[in-house]
Amino acid sequence: KAGVTQTPRYLIKTRGQQVTLSCSPISGHRSVSWYQQTPGQGLQFLFEYFSETQRNKGNFPGRFSGRQFSNSRSEMNVSTLELGDSALYLCASSLDSSLLYEQYFGPGTRLTVT
Amino acid sequence: AQSVTQLDSQVPVFEEAPVELRCNYSSSVSVYLFWYVQYPNQGLQLLLKYLSGSTLVESINGFEAEFNKSQTSFHLRKPSVHISDTAEYFCAVSDRAGSGYSTLTFGKGTMLLVSP
C-alpha cells in the first residue's frame, strides 16, 4: 500500500503570495490532519478533515484554510504569505477520525517564504 | 488546555548505552499519550501509544514507555541504543475527554544523537 504523499516537497514563495499544498492519504483512510512544524514552535495542529468536513481546527489565522475532496485527498491553502509561515507542513491520514486509529504522516512540504 | 514538556532538546549517548527521553504533560482530564519518531527529511512515525490498560507499553524495536499518572509523565526508554536510533523523538498528548478526533498536542522534541 502506498503511504501518504504530499506535493510539492519543496516550495519557495514571496511575501504576499498564496500557496496550495496537496496531500493524498493512504487508500481507504478518510481522515486527514495537517500540522505546521517550525524550529521555534514545534509541531502545531492546523485542522482535520473527515468525509469532506472540517472536524477540528487549531489556533491559526483565517489565512490558513483547507478542504477535502470526495476521494479523501486534501489541500491546504495559505493566503497572503508572511515570513513566519516558513515551515514544514505535514499531513497525516488515519482510517477514522479517532485517536484509536494510528495517524500515518507524509514526508511534508517544506515552504520557504522570502 | 493540555500541554507537553520535553525537558531535553538534545540527548547525546554512546551506542549500546541505555537512554531515557523525558516527557511530562499537563491536562485536567484523562489523556491518550504517544511517542513519535522523525528521521531526517521524513514525516513522523508512531513509535508507541498508551490508551488504557497496562501502564507499560512497548514498541517492536526495543523502546518502552511508562505512563505515570501521579507524576504526569510518559518517559521513553531503551536499554541499549543503536546508531540507527539517531532521530528526533516527539511526545504527544490528547485529551481523552475531548471529541476523540485526531488532535494531538506535541512537545518540542528531543534529538537523540547516538555515536559509536
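Residues numbered from 1 in each chain as written. Chains lettered and ligands numbered in written order. Predicted model: local features only at pLDDT ≥ 70, side-chain atom pairs only at ≥ 80, totals over all residues. Heavy atoms only, no water.

Peer 1: Help me understand unusual backbone geometry in this model?
Peer 2: Both trends apply: most residues other than glycine have a negative phi, and most peptide bonds are in trans. Geometrically, the link from Thr 7 of chain A to Pro 8 of chain A is a cis peptide bond, its omega value of -10° lying close to zero. Mapped onto the secondary structure, Pro 8 of chain A falls in the loop between strand S1 (5–7) and strand S2 (10–13). Residues other than glycine seldom take positive phi values, yet Ser 51 of chain A does so here, at roughly 50°. Here Ser 51 of chain A lies in the loop between strand S5 (42–50) and strand S6 (53–57). For Asn 41 of chain B, which is not a glycine, the phi torsion comes out positive at approximately 60°. (Helix = DSSP H or I, 4+ residues; strand = E, 2+ residues; numbered from the N terminus.)

Peer 1: How do you make sense of the pattern of salt bridges when you look at a structure like this?
Peer 2: Two side chains of opposite charge can pair, provided their charged atoms sit close to one another. Residues and elements named next belong to chain A. If you walk through the whole model with that rule in mind, you get seven salt bridges over all chains. We note a salt bridge from Arg 73 to Glu 75, for which the minimum N-O separation is 3.3 Å. Classification of Arg 73 as partly exposed rests on a relative accessible area of 24%. Glu 75 sits in the buried class, given a relative accessible area of 16%. (Salt bridge = Lys/Arg side-chain N within 4 Å of Asp/Glu carboxyl O. Buried < 20%, exposed > 50% of the residue type's maximum accessible area, 1.4 Å probe, protein only.)

Peer 1: Which parts of the structure should I look at to understand the nonpolar core?
Peer 2: One recurring pattern in soluble globular proteins: nonpolar side chains tend to sit buried together. In this structure, Trp 35, Leu 48, Phe 74, Leu 76 and Tyr 89 of chain B are the most contacted members of the largest nonpolar core, which totals 28 residues. Contributing elements (two or more residues each) for this core: strand S2 (10–14), strand S3 (19–21), strand S5 (31–38), strand S6 (44–50), strand S8 (64–68), strand S9 (73–78), strand S10 (87–95) and strand S12 (110–115) of chain B. Leu 11, Tyr 49, Phe 60 and Val 78 of chain A belong to the second-largest nonpolar core, a separate cluster that totals 21 residues. (Core = buried A, V, L, I, M, F, W, Y, C linked by side-chain atoms within 4.5 Å.)

Peer 1: Honestly, the packing of aromatic side chains in this entry has me stumped. Any pointers?
Peer 2: Aromatic ring pairs: the centre-centre distance and the angle between the two ring planes describe each pair. Residue and element names in this part refer to chain A. Under the definition given, this model contains 12 aromatic pairs over all chains. Seen from their ring centres, Tyr 35 and Phe 45 are 5.7 Å apart, and the 65° between their planes marks the pair as edge-to-face. A residue pair is termed long-range when its members are at least 10 positions apart, and Tyr 35 in strand S4 (residues 31–38) and Phe 45 in strand S5 qualify at 10 residues. Comparing Tyr 35 with Phe 45 shows no difference in burial state: the two are buried. Plain terms: the ring middles of Phe 60 and Phe 64 are 5.2 Å apart, the flat faces sit at 65° to each other, and that makes the pair edge-to-face. Owing to a relative accessible area of 15%, Phe 60 belongs among the buried residues under this scheme. Looking at Phe 64, the relative accessible area reads 3%, which means it is buried. (Phe/Tyr/Trp six-rings, centres within 6.5 Å; stacked < 30°, edge-to-face > 60°.)

Peer 1: What is the right way to read the interface of chain A and chain B from this model?
Peer 2: Interface size is commonly expressed as the accessible surface area that is lost when the partners come together. With 27 residues of chain A at the interface, the matching set in chain B holds 21 residues. Both faces combined, the contact of chain A with chain B buries some 1,900 Å², and carbon together with sulfur accounts for 54% of it. At the junction of chain A and chain B, the tally comes to zero salt bridges. Inspection of the chain A/chain B interface yields two residue pairs in polar contact (both at pLDDT 80 or more). When residues of the side of chain A that touches chain B are traced back to their parent elements, those giving at least two are S4, S5, S6 and strand S9 (87–94) of chain A. (Contact = heavy atoms within 4.5 Å. Buried area = accessible area lost by both parts, 1.4 Å probe. Polar contact = N/O pair within 3.5 Å; in protein donor to acceptor, adjacent residues only side chain to side chain.)

Peer 1: How do you make sense of the layout of surface pockets when you look at a structure like this?
Peer 2: Using a probe with the size of a water molecule, rolled over the atoms, empty space left in the structure can be pinpointed. What the largest pocket holds in volume is close to 430 Å³. Lining the largest pocket are 25 residues, and of these Gln 37, Leu 88 and Arg 110 of chain A together with Gln 38 and Glu 88 of chain B lie nearest its centre. Considering each element in turn, the lining of the largest pocket owes the most residues, three residues, to S10 of chain B. Here the residues of the lining of the largest pocket sort into 10 nonpolar, 11 polar and four charged. Along its surface, the second largest pocket is lined by 13 residues, and Phe 45 and Gly 58 of chain A together with Thr 103, Leu 104 and Thr 105 of chain B are the ones closest to its centre. Those elements that place two or more of their residues in the lining of the second largest pocket are S5 and S6 of chain A together with strand S11 (105–106) of chain B. (1 Å grid on protein atoms, 1.4 Å probe; cavity = no way out; pocket = protein on both sides within 12 Å on 5 of 7 lines; lining within 4 Å. Points joined across faces, edges and corners; volume = space filled by probe spheres on them. Nonpolar A, V, L, I, M, F, W, Y, C, P; charged D, E, K, R; others polar.)

From the geometry alone we can't say anything about function, so treat these as descriptive.
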